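# Descriptive analysis of the structure
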Amino acid sequence: MEQPGPPHTAFPQYITPGKRPLPPTLQRAVHLMRVGAALAAANGLGTVLLGDSSSTNSATYEVGYIVGYMGWYLTLAGLWLWMAQANKAGKNWARITSTVFFGISSLILLVNLVVDLADAAPGGLVFVTLAVTCLSWTIGLFTVILLWHKKTAPYFKPVPMPYPAYGPGYYHPVPQSYATMQSTAQPQPVTDPWDVPGDRV
């Protein structure tokens, strides 16, 4: 007669990527993304503090300038941190998204090179901003290389674990070591619950 098995189903179990140790290549990529976030925030703060080289100095323009630049660079910093956390958790979509963001940043850098170098005066603030943008792009380049490194790729794939074939009619036998231990255990003498110590007939 078959005995009902435990309430388990015959589905494989997996170790999620976030439960495993980070590969050294991915650790460096996460650190670089955090550096990129700090650099983006510092770039936005520096641009606002140093001001604009334009002759327009109305109050409305200044407020729009500060809000626009700070909003843009804080958004960049947030994207860096978001991608760092998602890639650290082993989300493969984050690795793809990070690569797409790098492609977009490459196009933005190319446009900035064409526009800023055509309009900037030597020694202008635009060269400082452009240099920081190039540094951020370089950090993004090394980050993408590390994310797609052969030592990093296995981290983004779930690893299947062996699992028991539980199902209807499954019988889980008693382990041999436990059965052997039970058979070799010495039986305990049965005592009379009404026996009083020292009172013997």
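Residues numbered from 1 in each chain as written. Predicted model: local features only at pLDDT ≥ 70, side-chain atom pairs only at ≥ 80, totals over all residues. Heavy atoms only, no water.

### Quick word on the overall build of the chain
In terms of helices and strands, the chain carries 5 helices and 2 strands. Counting over 201 residues, the chain shows a buried share of 22%. Surface accessibility of the chain: about 14,000 Å² in total, with carbon and sulfur atoms responsible for 68%. (Helix = DSSP H or I, 4+ residues; strand = E, 2+ residues; numbered from the N terminus. Buried < 20%, exposed > 50% of the residue type's maximum accessible area, 1.4 Å probe, protein only. Areas by Shrake-Rupley, 256 points an atom, 1.4 Å probe, with all protein chains shown as cover.)

### A short note on the environment of glutamine 27
Tracing the backbone through its elements, the reader meets glutamine 27 in helix H1 (residues 24-50). When the C-alpha positions of glutamine 27 and leucine 146 are compared, they lie 9.1 Å apart, and in sequence the two are 119 residues distant.

### Some points on the side chain of asparagine 87
Locating asparagine 87 in the fold gives a position in helix H2 (residues 59-88). A distance of 2.7 Å separates a polar atom in the side chain of asparagine 87 from the backbone oxygen of methionine 83. (Polar contact = N/O pair within 3.5 Å; in protein donor to acceptor, adjacent residues only side chain to side chain.)

### Looking at the nonpolar core
The tendency in soluble globular proteins is for nonpolar side chains to be buried as a group. Counting residues in hydrophobic clusters, the biggest one holds 19 residues, and the most contacted among them are Leu26, Ala29, Val30, Met33, Trp80 and Leu147. Listed by contribution, the elements that provide at least two residues to this core are H1, H2 and helix H4 (125-147). With 7 residues, H1 is the largest single contributor of residues to this core. Excluding its chain neighbours within four sequence positions, the residues that come into contact with methionine 33 are Trp80, Met83, Ala84, Asn87, Thr143 and Leu147. (Core = buried A, V, L, I, M, F, W, Y, C linked by side-chain atoms within 4.5 Å. Contact = heavy atoms within 4.5 Å.)

### A closer look at the side chain of serine 98
Locating serine 98 in the fold gives a position in helix H3 (residues 92-119). Classification of serine 98 as buried rests on a relative accessible area of 9%. With residues near it in sequence (within four places) discarded, serine 98 still touches Met83, Asn87, Val144 and Leu147.

### Looking at the packing of aromatic side chains
What describes a pair of aromatic rings is the distance from one ring centre to the other and the angle between the planes of the rings. Throughout the structure, instances matching the rule amount to 3 aromatic pairs. On the numbers, 5.8 Å between centres and 45° between planes, the contact of tryptophan 82 with tryptophan 93 is tilted. With a gap of 11 residues between them, tryptophan 82 in helix H2 and tryptophan 93 in helix H3 connect regions that are remote in the sequence. The exposure class assigned to tryptophan 93 is partly exposed, which follows from its relative accessible area of 42%. For arginine 95, the ring lying beneath its charged end belongs to tryptophan 148, and the centroid distance is 4.0 Å. Of note, arginine 95 hangs over the ring of phenylalanine 156, and the distance from its end group to the ring centre comes to 4.6 Å. (Phe/Tyr/Trp six-rings, centres within 6.5 Å; stacked < 30°, edge-to-face > 60°. Lys NZ or Arg CZ within 6 Å of the ring centre and 35° of its normal.)

### Some remarks on the environment of leucine 110
Note that leucine 110 resides in helix H3. Since its relative accessible area comes to 51%, leucine 110 is described here as exposed. Taking the C-alpha atoms as reference points, leucine 110 and cysteine 134, separated by 24 residues in sequence, lie 9.9 Å from one another.

### A closer look at the confidence of the model for the chain
Within the chain, residue pLDDT values average 74, and 59% of them lie at 70 or more. Confidence drops under pLDDT 50 across residues 8-12; counting only partners more than four residues distant or on other chains, this segment forms 7 contacts. A low-confidence stretch, residues 162-172 stays under pLDDT 50, and its non-local contacts, those more than four residues away or across chains, total 17 contacts. (pLDDT = per-residue confidence, 0-100.)

### Points about a nonpolar patch on the surface
On the surface, Leu110, Val111, Leu113, Val114, Val115, Leu117 and Phe127 cluster together to form a nonpolar patch covering roughly 590 Å² of accessible area. Among the elements that take part in the nonpolar patch, H3 stands out by supplying 6 residues, more than any other. You can see leucine 117 is positioned in helix H3. (Patch = residues over 30% accessible without salt bridge, like charges linked within 9 Å, V, L, I, M, F, W, Y side chains within 5 Å. Salt bridge = Lys/Arg side-chain N within 4 Å of Asp/Glu carboxyl O.)

### Here's the deal with the environment of alanine 77
Note on placement: alanine 77 falls in helix H2. Sequence separation between alanine 77 and glycine 36 is 41 residues, and the spatial gap between their C-alpha atoms is 7.2 Å. Dropping the residues within four chain positions of it, alanine 77 is found in contact with Ala37, Ala40 and Ala41.

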